[in-house]
Amino acid sequence: HFHKCDQFQVMFGAPGAFYQRPPIASALLHYSDAYSVYGPFGAGSEEPFFFYTLRAVQSTLHGAMPEMRDQLAYIGERQFRIELQPLLDAPAPSDGVAVETLFGPYPDGLAAYLVRFAPGAEASPPAGELRSGRYTVGIEGEFEYDGRSYGPKSLGWSQGEIEDVTFTGGPTGAAVLFLHLPYPESPISHER
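The structure displayed is predicted, hence computed values, not measured ones.

Reading the values: rules and limits
- Along each chain, residues carry numbers from 1 onward, in the same order as the chain's sequence is written.
- A pLDDT threshold of at least 70 governs which residues receive local features in this predicted model, and a stricter bar of 80 or more applies before side-chain atom pairs are shown or counted, although totals over entire chains, interfaces and linings include all residues.
- Side-chain numbers here rest on the full set of heavy atoms in the structure, without hydrogens or water.
- For helices the rule is a DSSP run of H or I covering at least 4 residues; for strands it is a run of E covering at least 2, with both sets numbered from the N terminus onward.
- Here the globule rule reads 2.2 Å times residues to the power 0.38, and the radius of gyration is calculated from C-alpha atoms.
- Residue exposure (1.4 Å probe, protein chains only): buried if accessible area is under 20% of the type maximum, exposed if over 50%, otherwise partly exposed.
- Contacts are assigned to residue pairs with any non-hydrogen atoms lying within 4.5 Å of each other.
- Each accessible area is a Shrake-Rupley estimate made with a 1.4 Å probe; only the visible protein chains count as cover when residues are assessed.
- We treat two strands as partners when DSSP finds at least two bridges between them.

Undergrad: Just checking my understanding: could you explain the overall build of the protein chain for this structure?
TA: Across its full length, the protein chain holds one helix and 13 strands. Scanning the protein chain from its N terminus toward the C terminus, one meets helices and strands in the order β-β-β-β-β-β-α-β-β-β-β-β-β-β. A compact globule built from 192 residues would reach a C-alpha radius of gyration of about 16 Å, and the protein chain, at 17 Å, matches this within 12%. Referenced to the eigenvectors of the C-alpha coordinate spread, the extents of the protein chain come out at roughly 55 × 45 × 25 Å. A burial count over the protein chain gives 49% of its 192 residues as buried. For the protein chain, the proportion of contacts with a sequence separation of at least 24, taken over those separated by at least 6, is 74%. On the protein chain, roughly 9,900 Å² of surface is accessible, and the fraction owed to carbon and sulfur atoms is 49%.

Structure follows, in structure tokens:
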């Protein structure tokens, strides 16, 4: 299926959960430009499947294929699928921060980063203009921001001019995604 806006999806593994045919081990990051056809994905029968669909704008179109092929205005160019488990299995930073660029940054600002914090390590999110916005998603462990603690599946949104911010790894460290949406949005995404 497809949508008429750019979007990230973060899918958290569960028994039987899959994207296309492969199972989702622990967490999977997916990105698609507006009008990129993708899927299928789904859950098993035993446990709920938890995922976020993250957009800068609303979309009411769920373009099932091939039934809605006539509404596919064009073919979106970019689509990424990254299984995060191999990155999470790599040795954790012992006393600092490790930044993994998953893709980007592109000239329009599209980028995705996995940042792993050692316990007590401090860092600012990867740089980038937040013209369309940035999502922050907790994947593993705990981290602190602005005096509060956040854990797995926590979600934050930032947009426009923001001051420097600092994140701190919790007692066991943390893995956090920083997802920068593109600007300008894909051509059709801002038509309401």
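There is more to say after this.
Undergrad: Just checking my understanding: could you explain the environment of Glu 83 for this structure?
TA: You can see Glu 83 is positioned in strand β6 (residues 79-83). Expressed as a C-alpha distance, the spacing of Glu 83 and Phe 51, which sit 32 residues apart in the sequence, is 14 Å. Leaving out residues up to four positions away in the same chain, Glu 83 has contacts with Pro 23, Ile 24, Ala 25, Ser 26, Ala 27 and Leu 28.

Undergrad: What should I look at first to understand the pairing of strand β1 (residues 7-12) in this one?
TA: For a regular strand, the rule is simple: side chains alternate between the two faces of the sheet. Buried residues dominate β1, accounting for six of its six residues. Burial along β1 is two-sided: Gln 7, Gln 9 and Met 11 and Phe 8, Val 10 and Phe 12, pointing in opposite directions, are all buried. Pairing of β1 with strand β3 (residues 27-32) involves six bridges; the strand directions are antiparallel. If you follow Gln 9 over to β3, its bridge partner there is His 30.

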